[in-house]
Amino acid sequence: MTVKTISIKSIETQGMGTLSFFEAEKDVGFPIRRIYYIHGVPEGIQRGGHAHKKLSQILFCPYGSITILLDDGTEKASVLLDKPDKGLIVEHNMWRDMIWNQANSVLCVAASEYYDPSDYIRSHDEFLRYINK
Ligand code: TYD
């Protein structure tokens, strides 16, 4: 499986921190129609457990440490997001789970589509049937 990570452009200011940014279509290969973020999560929690039929996303963790588990139905991969400038592109037809390694880690997501519950596949068996049909 090819894991697509990007180094999010970052501008350091001496003694005053860092500003990181990316732009739709230029830095990520899709339009961005929605931003969401998951916060206030206790350590050890696992979320996700789904795939999307159409959606592309970039995931990044501006604070903390989160492991993203990817499964394309054939191969599995694990990606550690523990730096604010690391972005992970997750495209459609990819099962994902997210594990909070550290309490209050923040997972930010920029997504190519508006929220659409019908785009979700929440059963792994159904996911395997969907990608093999
Ligand atoms: P879900 O995508 O299942 O979260 P996770 O993969 O982190 O476990 O979403 C959790 C809930 O939030 C679910 O009821 C759907 C809702 N939701 C929205 O209403 N809008 C959104 O943009 C997203 C991503 C989720």
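Residues numbered from 1 in each chain as written. Predicted model: local features only at pLDDT ≥ 70, side-chain atom pairs only at ≥ 80, totals over all residues. Heavy atoms only, no water.

Novice: Would you take a moment to explain the overall build of the protein for this structure?
Specialist: Within the protein one finds 1 helix and 12 strands. Since a compact globule built from 133 residues should have a radius of gyration of about 14 Å, the 15 Å found for the protein is in line with a globular shape. Structurally, the protein occupies a C-alpha span of about 55 × 35 × 25 Å along its principal axes. Taken across its 133 residues, the protein has 36% of its residues classed as buried. For the protein, the share of sequence-separated contacts (at least 6 apart) that also reach a separation of at least 24 residues comes to 76%. Accessible area of the protein: about 7,700 Å², with a carbon and sulfur share of 49%. One way to put it: in the protein the 15 positive side-chain charges average out to a point 4 Å from where the 17 negative ones average out. (Helix = DSSP H or I, 4+ residues; strand = E, 2+ residues; numbered from the N terminus. Rg over C-alpha atoms; globule rule 2.2 N^0.38 Å. Buried < 20%, exposed > 50% of the residue type's maximum accessible area, 1.4 Å probe, protein only. Contact = heavy atoms within 4.5 Å. Areas by Shrake-Rupley, 256 points an atom, 1.4 Å probe, with all protein chains shown as cover. Lys, Arg positive; Asp, Glu negative; His and termini not counted. Charge placed at Lys NZ, Arg CZ, Asp CG, Glu CD.)

Novice: Looking at this structure, I do not really get the site of the ligand. What am I missing?
Specialist: Inspection of the region around the ligand gives Arg-34, Tyr-36, Ile-38, Arg-47, Gly-48, His-50, Met-98, Tyr-115, Tyr-120 and Arg-122 as its neighbouring residues. Backbone polar atom of Gly-48 to an oxygen atom of the ligand: 3.2 Å apart, as the coordinates give it. Contact with the protein chains covers 63% of the free accessible surface of the ligand, which is 530 Å². Going through the elements one at a time, strand 4 (34-38) and strand 5 (46-52) are the ones with two or more residues in the shell around the ligand. A class-by-class count of the residues in the shell around the ligand yields 5 nonpolar, 2 polar and 3 charged. (Near = heavy atom within 4 Å. Polar contact = N/O pair within 3.5 Å; in protein donor to acceptor, adjacent residues only side chain to side chain. Nonpolar A, V, L, I, M, F, W, Y, C, P; charged D, E, K, R; others polar.)

Novice: Looking at this structure, I do not really get unusual backbone geometry. What am I missing?
Specialist: Across the chain, the bulk of peptide bonds are trans and the bulk of non-glycine residues have phi less than zero. Backbone geometry places Glu-25, a non-glycine residue, at a positive phi of 70°. Checked against the element boundaries, Glu-25 lands in the loop between strand 3 (17-21) and strand 4. Positive phi, normally seen in glycine, also occurs at Asn-104, with a value near 65°. By secondary structure assignment, the location of Asn-104 is in the loop between strand 10 (95-100) and strand 11 (106-111).

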